[in-house]
Amino acid sequence: MTDTMTKPAPINHWLGGKSTPGTSGRSAKVFNPATGEVQGLVDLASRAEVDAAVAAAVQTARSWRTVPLSRRAEIMFRFRALLDARRDDLARILTREHGKVHADALGEIARGIENVDFACGIPNLLKGGYSEGASTGVDVYSIQQPLGVVAGITPFNFPAMVPLWMIANALACGNVFILKPSEKDPSASLFIAELLQQAGLPDGVFTVIHGEKEAVDALLEHPDIAAVSFVGSTPIARYIYQKGTEHGKRVQALGGAKNHMLVLPDADVNMAADAAVSAAYGSAGERCMAISVVLAVGDVGDVLVDAIASRLPSLKVGPGSDAANEMGPLISREHRDRVAGYIGSAADQGATVVVDGRAQAFDGDGFFLGVSLLDHVTPDMDAYRDEIFGPVLCVVRVPTYEAGLKLINDNEFGNGTAIFTRDGGAARQFQFDCQVGMVGINVPIPVPVAYYSFGGWKASLFGDTHMYGPDGVKFYTRAKVVTSRWPDPATSRVDLGFPQNR
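Residues numbered from 1 in each chain as written. Predicted model: local features only at pLDDT ≥ 70, side-chain atom pairs only at ≥ 80, totals over all residues. Heavy atoms only, no water.

To continue, consider the overall build of the chain. In terms of regular secondary structure, the chain is built from 16 helices and 23 strands. The C-alpha atoms of the chain give a radius of gyration of 25 Å, which matches the 23 Å a tight globule of 502 residues would have. A principal-axis box enclosing the C-alpha atoms of the chain has dimensions of 85 × 65 × 40 Å. Within the chain, the proportion of its 502 residues that are buried is 56%. (Helix = DSSP H or I, 4+ residues; strand = E, 2+ residues; numbered from the N terminus. Rg over C-alpha atoms; globule rule 2.2 N^0.38 Å. Buried < 20%, exposed > 50% of the residue type's maximum accessible area, 1.4 Å probe, protein only.)

In structure tokens, the structure reads:
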């Protein structure tokens, strides 16, 4: 369908357990990136709409926090089963609005389901400690309680997985959750809302409200929002963290990345080349864990660049709806043009354009860009300094391990990194030396499994806790310590001295 032939479908909020049209009178276009056509109009909430949604959530929070752990776990198990059964349906939504190929969409959903798996164990995860007889007749124990109403603000690049990083733990811990997804691909969040309802989640425990900066600021400033989780670019992450904490909220804000892959001369070149291609161009490079820089140490550079370049002609780029394609379009025309601009600037600044994605022709008006490989990139070039967030791989030649490590540690970001080598000693030293939150050894995209936690260092993370896993449970609860005594009343007396354990 097109703007002129068919009216785009409305995409509403999810309030009180049902799809609810917005009242602000404002909306945004949702495109099919493979065709360039407008396929939906998503409502954009006003501050008044956000305030009303939060007020309703506060009322719901009072009852949800009293639901037994066994019941919350049961809902998570049912939700997990529904997600599993409806993988293909959700993947088609991702392909239609984000553009990623079906196999990539299924991979995103699988990683999201892993987080629901973890949350299904919430009765065990929320076990506290107990000390009998801490002093005479006194027992001490710890409990973890939900925060109340919490919010998540999620990016366009993983419209199912990143919300599931937040939602599963937050709900299982007993919180009420308000999700503000990206307005570029909002329908996955509504699909998730429907599945949660089918799983038995009470109406009002999960809310989806669409919007732009007005809605975000309303969430950050609202006194009844206890915590905010965010994933996106570093400038916005910094803003979310500063504004949220200024208003007394607990905030975890994951920012941008510039992930390096250090390839030592002893590495298996074919394995390293396969990994570089997979990690640089998967999801069209629109992921914060993408490898965007290969650091080629010593004389491995020439053979590695040749190996990477030889793999690129066989990559199939096209609409995600075609199962034969391996890479889809970028999210928008503006972003595609921005990414393409880095290829030209790199050439102007002295890099060698080995493969130019701008030269690949595509039918139609989709937001496609072919894969690009830039060699002899230097740290002063724009293509190296900036997070490109597209299918562009830069190769930087370095003389030694130490020179490559210095580039990694000097970078403002510290999200993910990888080393490729056959030397166990070098790998072990690298994991100790590198100032990065997630490290891969012969693994190009070291995204932690769901029972660990995801997060970087430096300008890649604002806040004290990482996302999902044990840190997720910690973030969405607060600890309380109870000291109790049930003495014989005959022993009671007044004592103004300092309390002692004896």
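Continuing now.
This paragraph deals with the sheet that holds strand S19 (residues 416-420). One open sheet holds the 7 strands; their spatial order is S15-S16-S17-S14-S13-S19-S20, and the pairing between them is mixed. Of all the strands in the sheet, the pair left with one neighbour each is strand S15 (352-355) and strand S20 (438-441). Shown here is a sheet whose adjacent strand axes are inclined to one another by a mean of 20°, direction ignored. Looking at chain direction, S19 and S20 are connected through 4 bridges and run parallel. When the bridges of S20 are listed, Thr417 appears paired with Val439. Those strands touched by helix H10 (residues 269-281) are strand S13 (259-263), strand S14 (291-297), strand S16 (372-375), strand S17 (392-398) and S19, and its axis lies near 135° from that of S17. In this fold helix H12 (residues 333-348) packs onto S15, S16 and S17, with an angle of close to 25° to the strand it touches most, S16. (Pairing = 2+ DSSP bridges. Axes fitted to C-alpha atoms, helices over the stretch in contact; angles between N-to-C directions. Contact = heavy atoms within 4.5 Å.)

Here the focus is the nonpolar core. One finds Met76, Trp165 and Phe177 to be the most contacted residues of the largest nonpolar core, which totals 95 residues. No other element matches the 10 residues that helix H6 (residues 161-172) contributes to this core. Residues within four places of Trp165 in sequence aside, it is in contact with Asn115, Val231, Leu254, Phe454, Met467 and Tyr468. Judged by nonpolar contacts, the second largest core, of 65 residues, contains Ile291, Leu393, Val395 and Ala418. (Core = buried A, V, L, I, M, F, W, Y, C linked by side-chain atoms within 4.5 Å.)

Further remarks concern a positive patch on the surface. A cluster of basic side chains, namely Arg65, Arg250, Lys474, Arg478 and Lys480, defines a positive patch on the protein surface. Look at Arg250 and you get partly exposed, because its relative accessible area is 32%. (Patch = residues over 30% accessible without salt bridge, like charges linked within 9 Å, V, L, I, M, F, W, Y side chains within 5 Å. Areas by Shrake-Rupley, 256 points an atom, 1.4 Å probe, with all protein chains shown as cover. Salt bridge = Lys/Arg side-chain N within 4 Å of Asp/Glu carboxyl O. Lys, Arg positive; Asp, Glu negative; His and termini not counted. Charge placed at Lys NZ, Arg CZ, Asp CG, Glu CD.)

One pass over the full model with this rule turns up 5 cavities of 30 Å³ or more. Here the largest cavity defines a volume of roughly 110 Å³. A class-by-class count of the residues in the lining of the largest cavity yields 8 nonpolar, 4 polar and 3 charged. Of the residues forming the lining of the second largest cavity, the biggest block, 3 residues, is contributed by helix H7 (residues 187-198). A breakdown of the residues in the lining of the second largest cavity according to their chemical character gives 7 nonpolar, 3 polar and 1 charged. (1 Å grid on protein atoms, 1.4 Å probe; cavity = no way out; pocket = protein on both sides within 12 Å on 5 of 7 lines; lining within 4 Å. Points joined across faces, edges and corners; volume = space filled by probe spheres on them. Nonpolar A, V, L, I, M, F, W, Y, C, P; charged D, E, K, R; others polar.)

Using the criterion set out here, one finds 23 salt bridges in the structure. Linking Arg78 and Glu74 is a salt bridge whose minimum nitrogen-to-oxygen distance equals 2.8 Å. Highlighted residues: Arg78 and Glu74, both in helix H2 (residues 69-85), separated by 4 residues, approximately one helical turn. Relative accessible area serves as the criterion here: at 33%, Glu74 is assigned to the partly exposed category. For Asp268, the salt bridge identified is with Arg422, shortest N-O distance 3.8 Å. With Asp268 in the loop between S13 and H10 and Arg422 in the loop between S19 and helix H15 (424-433), the pair connects residues that are 154 residues apart, well separated along the chain. Salt bridges here are not isolated pairs; linked through shared partners, they connect Arg80, Asp84, Arg87 and Asp117.

Let us now look at the packing of aromatic side chains. Aromatic ring pairs are described here by two measures, namely the spacing of the ring centres and the angle between the planes. Using the criterion set out here, one finds 12 aromatic pairs in the structure. Arranged with centres 5.5 Å apart and planes meeting at 10°, the rings of Tyr130 and Tyr141 form a pair that is stacked. Residue Tyr130 is located in strand S6 (residues 130-135), and its partner Tyr141 is located in strand S7 (residues 138-146); the two are separated by 11 residues in the primary sequence. Judged by its relative accessible area of 27%, Tyr141 is partly exposed. Taking the centre distance of 6.3 Å and the plane angle of 25° together, the rings of Phe177 and Phe206 count as stacked. (Phe/Tyr/Trp six-rings, centres within 6.5 Å; stacked < 30°, edge-to-face > 60°.)

Here the focus is the side chain of Arg287. By secondary structure assignment, the location of Arg287 is in the loop between H10 and S14. For Arg287, which is buried and forms no salt bridge, the nearest opposite charge comes from Asp104, at a distance of 4.5 Å. Of the polar contacts made by the side chain of Arg287, one reaches the backbone oxygen of Ser278; its length is 3.0 Å. Among all residues touching Arg287, those that are not within four sequence positions of it are Asp104, Asn157, Phe158, Ser278, Ala279, Gly282, Phe389 and Ile445. (Polar contact = N/O pair within 3.5 Å; in protein donor to acceptor, adjacent residues only side chain to side chain.)

Turning our eyes to something else, we now look at the layout of surface pockets. In this structure, the largest pocket occupies an estimated 1,200 Å³ of space. For the largest pocket, the lining is made up of 49 residues, of which Pro155, Phe156, Asn157, Gly232 and Ser233 are closest to its centre. When residues of the lining of the largest pocket are traced back to their parent elements, those giving at least two are helix H4 (102-119), H6, helix H8 (213-221), strand S11 (227-231), helix H9 (234-246) and H12. In terms of residue count, H9 provides more of the lining of the largest pocket than any other element does, 5 residues in total.

Here we come to the sheet that holds S7. The 3 strands are arranged S6-S7-S23 in an open sheet whose pairing can be described as antiparallel. The sheet is open, and its two edges are formed by S6 and strand S23 (477-485), each paired on a single side. Across the sheet, the axes of successive neighbouring strands diverge by a mean angle of 30°, strand direction being ignored. The pairing of S7 with S23 spans 9 bridges and is antiparallel. Within S23, the residue paired with Val138 across the bridge is Arg485.

Its place among the elements puts Asn175 in the loop between H6 and strand S9 (176-180). The buried category is assigned to Asn175, whose relative accessible area is 0%.

Take the environment of Asp337 next. Structurally, Asp337 can be placed in helix H12. With a relative accessible area of 45%, Asp337 lands in the partly exposed category. At 2.7 Å, the side chain of Asp337 forms a polar contact with the side chain of Arg336.

The subject of this paragraph is the packing of H8 against H9. Closest axis-to-axis distance for the H8/H9 pair is 8 Å, and the angle between their directions is 40°. As the angle between them shows, H8 and H9 are arranged oblique. Across the interface between the two elements, Lys213, Val216, Asp217, Leu220 and Glu221 of H8 pack against Tyr239, Ile240, Lys243 and Gly244 of H9. Its residues assigned to classes, the contact of H8 with H9 comprises 4 nonpolar, 1 polar and 4 charged. (Parallel < 35°, antiparallel > 145°, perpendicular 65-115°, else oblique.)

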